[in-house]
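Listed below, chain by chain, are the residues.
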Amino acid sequence: MPCPSPSGVPWRIDNLVEAIQTIGHTDDNATTVDFGTLFYHYADVSDSLVGILMRAKKRHRLYYDGDMLFQSKDDHVIITVPVAA
């Protein structure tokens, strides 16, 4: 089986989920982080954070209210990653 490409969407989603699990707050069921905090920490990693979030949401790897998040306006929106993600 080939190695996942660092430029592929699944790899980017895995990387995003790992970042959320690192900087977020974890309880028994999920890890949560607000968009503002994630944007601040993840902006150095990828300039396509919003697009990756949308793809991860579509694949049910994480959840948040709304469709597209915008810096400043949506900083308070909570992003949730289930423990099994």
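Residues numbered from 1 in each chain as written. Predicted model: local features only at pLDDT ≥ 70, side-chain atom pairs only at ≥ 80, totals over all residues. Heavy atoms only, no water.

A. Molecular detail of helix 3 (residues 49-58). What helix 3 keeps buried is the set Leu-49, Ile-52, Leu-53 and Ala-56. Buried residues of helix 3 fall within an arc of 105° about the axis and therefore sit on the same side. Next to the buried residues of helix 3 lie helix 1 (9-23), helix 2 (35-42) and strand 3 (78-82). One or two residues past the end of helix 3 sits His-60, with phi positive at roughly 60°. (Buried < 20%, exposed > 50% of the residue type's maximum accessible area, 1.4 Å probe, protein only. Helix = DSSP H or I, 4+ residues; strand = E, 2+ residues; numbered from the N terminus. Arc of directions from axis to C-beta. Contact = heavy atoms within 4.5 Å.)

B. Layout of unusual backbone geometry. With phi around 60°, His-60 is a residue other than glycine that occupies positive phi space. Its place among the elements puts His-60 in the loop between helix 3 and strand 3. The residue Ser-72 is not glycine, and still its phi comes out positive at about 75°. With respect to the element layout, Ser-72 can be found in the loop between helix 3 and strand 3.

C. Here's a closer look at the packing of aromatic side chains. Counting across every chain of the model gives 1 aromatic pair. Positioned above the aromatic ring of Tyr-64, the side-chain terminus of Lys-57 is 4.4 Å from the ring centre. (Phe/Tyr/Trp six-rings, centres within 6.5 Å; stacked < 30°, edge-to-face > 60°. Lys NZ or Arg CZ within 6 Å of the ring centre and 35° of its normal.)

D. Representation of the packing of helix 1 against helix 3 within the structure. As a packed pair, helix 1 and helix 3 sit with axes 10 Å apart at the nearest point and diverge in direction by 95°. Classed by the angle they form, the pair helix 1 and helix 3 counts as roughly perpendicular. Seen from helix 1, the contacting residues are Val-9, Arg-12, Ile-13 and Leu-16; seen from helix 3, they are Leu-49, Ile-52, Leu-53, Arg-55 and Ala-56. Taken together, the residues of the contact of helix 1 with helix 3 break down into 7 nonpolar, no polar and 2 charged. (Axes fitted to C-alpha atoms, helices over the stretch in contact; angles between N-to-C directions. Parallel < 35°, antiparallel > 145°, perpendicular 65-115°, else oblique. Nonpolar A, V, L, I, M, F, W, Y, C, P; charged D, E, K, R; others polar.)

E. Structural detail: the side chain of Thr-31. Its place among the elements puts Thr-31 in strand 2 (residues 30-34). Since its relative accessible area comes to 4%, Thr-31 is described here as buried. A distance of 2.8 Å separates polar atoms of two side chains, one belonging to Thr-31 and the other to Thr-26. Residue contacts for Thr-31: discarding those within four places in its chain leaves Ile-20, Gln-21, Gly-24, His-25, Thr-26, Ile-79, Thr-80 and Val-81. (Polar contact = N/O pair within 3.5 Å; in protein donor to acceptor, adjacent residues only side chain to side chain.)

These values are about where atoms sit, not about what they do.
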